[in-house]
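Chain residues, written in single-letter form:
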Amino acid sequence: MNKFIISCIGLLLSTAAMAQSLNPVYEQYIATYRDMAIEQQRKYQVPAAITMAQGILESAAGQSELAQKANNHFGVKCTSDFRVYADVADSYEDHSLFLKRPRYQSLFALPIGDYENWALGLKQCGYATDPNYPEKLIRLIEQYDLQALTFD
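What counts as what
- Residues numbered from 1 in each chain as written.
- Predicted model: local features only at pLDDT ≥ 70, side-chain atom pairs only at ≥ 80, totals over all residues.
- Heavy atoms only, no water.
- Helix = DSSP H or I, 4+ residues; strand = E, 2+ residues; numbered from the N terminus.
- Contact = heavy atoms within 4.5 Å.
- Polar contact = N/O pair within 3.5 Å; in protein donor to acceptor, adjacent residues only side chain to side chain.
- Axes fitted to C-alpha atoms, helices over the stretch in contact; angles between N-to-C directions.
- Parallel < 35°, antiparallel > 145°, perpendicular 65-115°, else oblique.
- Left-handed = near helix turned anticlockwise from the far one by under 90°.
- Phe/Tyr/Trp six-rings, centres within 6.5 Å; stacked < 30°, edge-to-face > 60°.
- Buried < 20%, exposed > 50% of the residue type's maximum accessible area, 1.4 Å probe, protein only.
- Lys NZ or Arg CZ within 6 Å of the ring centre and 35° of its normal.

## What about the environment of Tyr44?
Move 1: Summarising the element assignment, Tyr44 is placed in helix 2 (residues 24-44).
Move 2: The sequence separation of Tyr44 and Leu99 amounts to 55 residues, and the corresponding C-alpha distance is 9.1 Å.
Move 3: Ignoring any residue separated from it by four or fewer positions in sequence, one finds Tyr44 in contact with Glu93, Ser96, Leu97, Lys100 and Phe108.
Move 4: Separated by 2.3 Å, the side chains of Tyr44 and Glu93 make a polar contact.

Structure below.
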């Protein structure tokens, strides 16, 4: 019985510690832009979890200079320059359209809830040069329960 109680306490403490480790800036970003990610999923079948994780990662949760000055939340370029958007919604829309290009077409054969293979596929298709890009997206999705957005 004592081992059970100790295990329960340990589980509660680890859950509390994990909840405390969430970045409030990321949480605010999610609260602000979650509906845009869900809308893009409905329109273009890009998983909301992937869109949200990429937005957090690529824009430092909206805090990057590119996000602040150009409303560009995904690091999308236009030749060698970064694209500038009138508002964040335009950035989200363009990100979805960018992923609808033939280069990324194989991703759309994946189930919309398969965020792990979407993340791996983005790397394989050349979206990012960071070799850890898929793992970073997956970690964000799981830490912030973004996969739930895919089914909202």
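## Considering the packing of helix 3 (residues 48-59) against helix 7 (residues 133-143)
Move 1: Where helix 3 meets helix 7, the closest approach of the two axes is 9 Å, and the angle between their N-to-C directions is 110°. The pairing of helix 3 with helix 7 is recorded here as roughly perpendicular in orientation. You can see that helix 3 and helix 7 cross each other, and the crossing is right-handed. Between helix 3 and helix 7, the contacting residues are Ala49, Ile50, Ala53, Gln54, Ile56, Leu57 and Glu58 on the first element and Tyr133, Lys136, Leu137, Leu140 and Ile141 on the second.

## Description of the packing of aromatic side chains
Move 1: For the structure on display, the rule yields nine aromatic pairs.
Move 2: Aromatic side chains Phe74 and Tyr92 sit 4.9 Å apart centroid to centroid with 80° between the ring planes, which places their arrangement in the edge-to-face category. Note that Phe74 is positioned in the loop between helix 4 (65-70) and strand 1 (77-78) and Tyr92 in helix 5 (residues 88-99), a separation of 18 residues in sequence.
Move 3: Among the residues examined, Phe74 registers a relative accessible area of 1% and is labelled buried.
Move 4: Taking the centre distance of 6.0 Å and the plane angle of 85° together, the rings of Phe98 and Tyr127 count as edge-to-face. On the criterion of sequence distance, the pair formed by Phe98 in helix 5 and Tyr127 in the loop between helix 6 (115-124) and helix 7 is long-range, its members being 29 residues apart. Each member of the pair, Phe98 as well as Tyr127, carries the same accessibility label: buried.
Move 5: Chaining the aromatic ring pairs together yields one cluster made of Tyr29, Tyr33, Phe74 and Tyr92.
Move 6: The side chain of Lys100 reaches across the aromatic face of Phe108, ending 4.1 Å from its centre.
Move 7: One cation-aromatic arrangement involves Arg101 over Phe98; the distance from NZ or CZ to the ring centre is 4.4 Å.

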